[in-house]
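# Structure assessment
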Amino acid sequence: MRPPAANRPYRLPPPLFDARCRACWLAAGVLLLVVASFASLDMHWVDFLSVAALASMGRLLGEFAPPELSAGFVRSVVVAAWETLAMSALGTLLAAAAGVLLALPASRLHDHDRAPGRAPARLLLNALRAVPELVWAALLLIAAGLGPFAGTLALAVHTTGVLGRLFSEAIENAAPGPAAALRTQGCGTARVFLYATLPQVLPQLMSYSLYRWENNIRAAAVLGVVGAGGLGQMLSFHMGLFQMHKTATVLLAMLLLVALVDGASFAWRGWLTR
Amino acid sequence: MSTAFVARRQPVQRDPAWPGRLGWLLAAVVLLWPLLVTTEFKPWVLLDPQAVRVTGHFIASFVPPAHSLEFLSLVARETWRTVAIATAGITLGLLLAVPLTLVATRALSMSALTGQMASLPLALRRAVRMLLIGLRSVPELVWALVFVRVVGLGPAAGVLAIALTYGGMLGKVYAEILESGDAQVTQTLLRNGASRLQAFAYGLLPQNAAELTSYTVYRWECAIRSSVVLGFVGAGGLGQLMDGSLKMFAGGEVLTMLIVFVGLVALADRLSAALRRALG
């Protein structure tokens with residue numbers, strides 16, 4: 001028998017496609033999906049990559065400058081920005097409260113908990129989460145009328161789905177010791193949750209809620225497009241009338257607001273997880 | 001047996017910290033008041049007889065969901081369109097994000113191999129990162145509103161809007177992922193004369209491929225949700241169909257679309273979870 005080679009024998013790289021290679025099938029599937037997507041959309045590439053289209057795009061962007069900065073208009077933009085901020089904050093707060101209420105039936109609190117409400121509560125949370133804020137807003141406008149109230153409710157409903165699911169995972173992953181200690185002493189479920197589980201998971205819940213607030217300020221800024229108040233309503237109004245200078249001011253306010261909330265939430269979360 | 005054991009003192013049953021908790025709660029309500037006023041938070045509006053009648057009619061019209069063959073085939077076509085807009089948008093976004101990521105990644109810096117990164121590359125990397133953050137912070141709906149003005153109603157506006165927003169998002173996070181790992185392999189390759197692209201392909205990419213792919217798949221799932229929303233401003237797909245049905249108060253059609261929608265998102269969720277698990 002020959003002694004083993006000092007260097008490993010040189011092997012050719014595997015063939016590019018192999019019927020047993022899962023990643024190859026995956027890549028082929030993705031490629032197929034992409035090609036089918038582009039093929040089925042009537043994109044009219046020529047229309048918007050032509051010189052004329054690019055020129056009209058440039059003209060449109062040029063019309064934005066300079067932003068309208070008259071005192072009266074800036075004041076109304078500030079009011080709308082405050083409305084957007086209030087919508088996002090209140091929506092997130094309501095969602096955090098509702099999320100905790102729904103997360104309780106949706107989580108298995110201890111090993112012997114049969115949790116009969118777990119499956120239906122999770123189904124509800126998933127359904128709330130699957131429908132985007134804008135669609136909820138369009139639906140709720142019928143019940144709540146035009147204005148920021150419908151937008152706040154829409155944000156709250158969608159975010160409840162997101163937060164409820166995250167909260168229930170946080171509650172299920174909390175260390176079981178303190179809760180078990182209280183339970184063996186004969187405390188009821190509500191007390192066990194309030195004095196053992198909640199203090200443990202509270203920083204995590206707050207950090208999730210702050211993170212969602214960042215998302216919600218973006219969402220609240222555009223909800224107005226369907227008539228739910230705030231900056232979005234001004235945006236679609238002025239853009240609809242082709243008042244590009246005013247649109248530019250609204251867009252700037254939107255960017256500023258988003259950056260502000262991002263910064264505040266980042267600092268707050270850093271302080272929480274310090 | 002002594003009585004001391006039998007008459008053990010009951011522990012305090014009341015929350016010793018309740019005055020403080022009550023105080024914080026009251027302070028929160030006071031802080032909350034301006035928010036409630038600003039958002040015109042009047043839940044009793046929902047119980048107004050007029051509103052209840054309109055809402056009741058609308059909800060009653062939900063049943064039965066629209067199920068004519070013609071409508072279902074229309075919904076199927078628009079659902080595919082929604083997925084296609086999201087996929088095409090993400091693909092174009094990748095074309096934008098990958099080159100910018102390569103420019104922005106600090107791990108591929110030559111000058112940083114010998115101490116401090118030189119000032120010109122540093123400025124370039126900062127500028128590219130600012131560009132990515134800027135692209136990301138304009139909501140896709142705003143991009144779509146702008147593009148609808150330029151290229152007209154249709155899927156092109158939606159695709160471009162998703163491409164720009166998600167290009168910024170993907171580029172920023174890709175750069176963060178690439179920089180978070182161990183840079184030693186890449187630096188060794190660079191020190192031994194590999195070009196930046198070679199160092200990326202043989203050093204950074206194999207280390208981070210799983211994470212990059214899983215983030216991309218997750219964003220694809222988000223793009224499907226966005227593409228429905230973009231339909232509301234005229235980019236086509238399920239959103240546009242739903243906007244039409246809502247305006248005509250066609251409850252049955254709305255319910256069918258909501259069901260399709262929840263199903264689509266659940267499917268994308270499942271698919272992306274399975275893919276991410278497979279990639280490990």
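The model shown is predicted, which means the values in this text are computed figures rather than measured ones.

## Structural notes on the overall build of chain A
If you tally the helices and strands in chain A, you get eleven helices and zero strands. Seen in sequence order, chain A has helices and strands lined up from the N terminus as α-α-α-α-α-α-α-α-α-α-α. The globule rule puts the C-alpha radius of gyration for 274 residues at 19 Å, and the 27 Å found for chain A is more than 25% above it. The burial tally for chain A puts 39% of its 274 residues in the buried class. Considering only contacts within chain A whose residues lie at least 6 apart along the sequence, 71% involve residues at least 24 apart.

## What to know about the environment of A180 of chain A
Residues and elements named next belong to chain A. Its place among the elements puts A180 in helix 8 (residues 177–184). Judged by the 14 C-beta atoms lying within 10 Å of it, A180 is partly exposed. Sequence separation between A180 and A267 is 87 residues; the distance between their C-alpha atoms is 35 Å.

## Let's talk about unusual backbone geometry
In this structure, P64 of chain B follows V63 of chain B across a cis peptide bond, with omega equal to -5 degrees. Along the chain, P64 of chain B turns up in the loop between helix 3 (49–60) and helix 4 (69–104). Unlike most non-glycine residues, A115 of chain A shows phi in positive territory, near 45 degrees. Mapped onto the secondary structure, A115 of chain A falls in the loop between helix 4 (71–103) and helix 5 (118–130). Under the C-beta neighbour-count criterion, A115 of chain A is labelled partly exposed, with 15 such atoms within 10 Å. Of note, the phi angle at E40 of chain B is positive, near 50 degrees, even though the residue is not glycine. Turning to its location among the elements, E40 of chain B is positioned in the loop between helix 2 (18–38) and helix 3.

## Considerations on the interface of chain A and chain B
As a measure of interface size, the accessible area lost when the parts come together is often cited. Taken together, the 48 residues of chain A in the interface contact 44 residues of chain B. A per-class count over the side of chain A that touches chain B returns 36 nonpolar, eight polar and four charged.

## Focus: the packing of helix 8 (residues 184–191) of chain B against helix 9 (residues 196–231) of chain B
Residues and elements named next belong to chain B. Their axes nearest at 9 Å, the elements helix 8 and helix 9 cross at an angle of 170 degrees. On the basis of their axis angle, the class for helix 8 and helix 9 is roughly antiparallel. Remark: the crossing between helix 8 and helix 9 carries right-handed chirality. Residues V185, T186, L189 and L190 of helix 8 lie in contact with helix 9, whose contacting residues are Q198, A199, Y202, G203, L204 and Q207. In terms of residue class, the contact of helix 8 with helix 9 is made up of six nonpolar, four polar and no charged.

## Topic: the confidence of the model for chain B
All names here are of chain B. For chain B, the mean per-residue pLDDT works out to 85, and 95% of the residues sit at or above 70. By mean pLDDT, the top-scoring element of chain B is helix 4 (93), and the lowest-scoring one is helix 1 (residues 3–6) (50). The ipTM assigned to the predicted complex is 0.78, against a pTM of 0.82.

Analysis parameters
Residues numbered from 1 in each chain as written. Chains lettered and ligands numbered in written order. Predicted model: local features only at pLDDT ≥ 70, side-chain atom pairs only at ≥ 80, totals over all residues. Helix = DSSP H or I, 4+ residues; strand = E, 2+ residues; numbered from the N terminus. Rg over C-alpha atoms; globule rule 2.2 N^0.38 Å. Buried ≥ 20, exposed ≤ 12 C-beta atoms within 10 Å, placed from the backbone. Contact = placed C-beta atoms within 7 Å. Nonpolar A, V, L, I, M, F, W, Y, C, P; charged D, E, K, R; others polar. Axes fitted to C-alpha atoms, helices over the stretch in contact; angles between N-to-C directions. Parallel < 35°, antiparallel > 145°, perpendicular 65-115°, else oblique. Left-handed = near helix turned anticlockwise from the far one by under 90°. pLDDT = per-residue confidence, 0-100.

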